[in-house]
Amino acid sequence: HYHRMSTNDFCATILPTLGPVDMAFIDADHYHVQVMKDFDNLISCMSPNGIIFLHDTYPEGEKWTTPVNCHDSYKVPNLIKAKYGDRVELITLPIPPGLTMVRNIFTPEFMR
């Protein structure tokens with residue numbers, strides 16, 4: 001299904017109706033604050049071992065860190081590590097513009 005709306009609206013209205021999510025891809029706003037907000041919204045809905053892919057996390061030099069390119073989304077993998085610690089495993093493929101894969105290794109109490 002295609003939903004024409006902001007990721008904030010999607011996460012507030014559609015995402016809660018989907019149940020556990022096995023895979024998600026984040027590639028909308030490249031500003032690290034919004035990417036992190038999208039990640040925060042998704043991780044709470046991910047199934048155990050679910051994977052979130054983040055695009056544009058390894059820009060090829062400073063010229064690619066403009067808002068129309070990767071902007072500063074390269075900051076997000078370190079922010080995820082700092083915030084979620086042992087709840088996730090992640091790896092960034094160092095091939096510009098970059099792809100980070102984050103696996104949810106946390107099983108919520110209600111799913112145990």
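Here, the structure is the one placed above.
Residues numbered from 1 in each chain as written. Predicted model: local features only at pLDDT ≥ 70, side-chain atom pairs only at ≥ 80, totals over all residues. Heavy atoms only, no water.

**Observations concerning the overall build of the protein**
Along the protein, the regular secondary structure elements total three helices and four strands. The linear arrangement of helices and strands in the protein, starting from the amino end, is α-β-α-β-α-β-β. The C-alpha radius of gyration of the protein comes to 14 Å, within 12% of the 13 Å expected for a compact globule of 112 residues. Across the 112 residues of the protein, 35% fall into the buried class. When the accessible surface of the protein is totalled, it reaches about 6,900 Å², and 58% of it is carbon and sulfur. Looking at charge distribution, the protein has the averaged site of its 9 positive side-chain charges lying 3 Å from that of its 13 negative ones. (Helix = DSSP H or I, 4+ residues; strand = E, 2+ residues; numbered from the N terminus. Rg over C-alpha atoms; globule rule 2.2 N^0.38 Å. Buried < 20%, exposed > 50% of the residue type's maximum accessible area, 1.4 Å probe, protein only. Areas by Shrake-Rupley, 256 points an atom, 1.4 Å probe, with all protein chains shown as cover. Lys, Arg positive; Asp, Glu negative; His and termini not counted. Charge placed at Lys NZ, Arg CZ, Asp CG, Glu CD.)

**Brief notes about unusual backbone geometry**
The omega torsion across P96 and P97 is 10°, close enough to zero to call that bond cis. On the secondary structure map, P97 appears in the loop between β3 (88-93) and β4 (99-104). At N49, a residue that is not glycine, the phi angle is positive and equals roughly 70°. Take N49: it is sitting in strand β2 (residues 46-55). We classify N49 as partly exposed; its relative accessible area is 45%. Here D56, not a glycine, exhibits a phi torsion of approximately 70°, which is positive. Along the chain, D56 turns up in the loop between β2 and α3 (76-84).

**Observations concerning the environment of I80**
One can find I80 in helix α3. For I80 and L54, which are 26 residues apart along the polypeptide, the C-alpha to C-alpha distance reads 11 Å. Apart from the residues lying within four places of it in its own chain, the contact partners of I80 are M36, F39, L54, G85, V88, L90 and V102. (Contact = heavy atoms within 4.5 Å.)

**Focus: the nonpolar core**
Of all hydrophobic cores here, the largest spans 19 residues; its most connected members are I26, F39, I43, I52, L54, I80 and Y84. Those elements that place two or more of their residues in this core are β1 (21-26), α2 (32-43), β2 and α3. Residues within four places of Y84 in sequence aside, it is in contact with M36, F39, D40 and I43. (Core = buried A, V, L, I, M, F, W, Y, C linked by side-chain atoms within 4.5 Å.)

**A closer look at α3**
Burial in α3 covers these residues: V76, P77, I80 and Y84. Looking down the long axis of α3, one finds its buried residues gathered within 100° of arc, a one-sided arrangement. Facing away from the buried surface of α3 by more than 90 degrees, the exposed residues are N78 and A82. Lining the buried residues of α3 we find α2, β2, β3 and β4. Where α3 terminates, the next one or two residues include G85, which has phi positive at roughly 45°. (Arc of directions from axis to C-beta.)

**Brief notes about the packing of aromatic side chains**
According to the stated counting rule, one finds one aromatic pair in the structure shown. Here F39 and Y84 contribute two aromatic rings whose centre-to-centre distance is 5.5 Å and whose plane-to-plane angle is 65°, an arrangement assigned as edge-to-face. Taken as a pair, F39 in helix α2 and Y84 in helix α3 lie far apart in primary sequence, 45 residues in all. (Phe/Tyr/Trp six-rings, centres within 6.5 Å; stacked < 30°, edge-to-face > 60°.)

**Considering the environment of I91**
Tracing the chain through its elements places I91 in strand β3. Sequence separation between I91 and M101 is ten residues; the distance between their C-alpha atoms is 5.5 Å. For I91, the contacting residues outside a window of four places in its chain are L99, T100 and M101.

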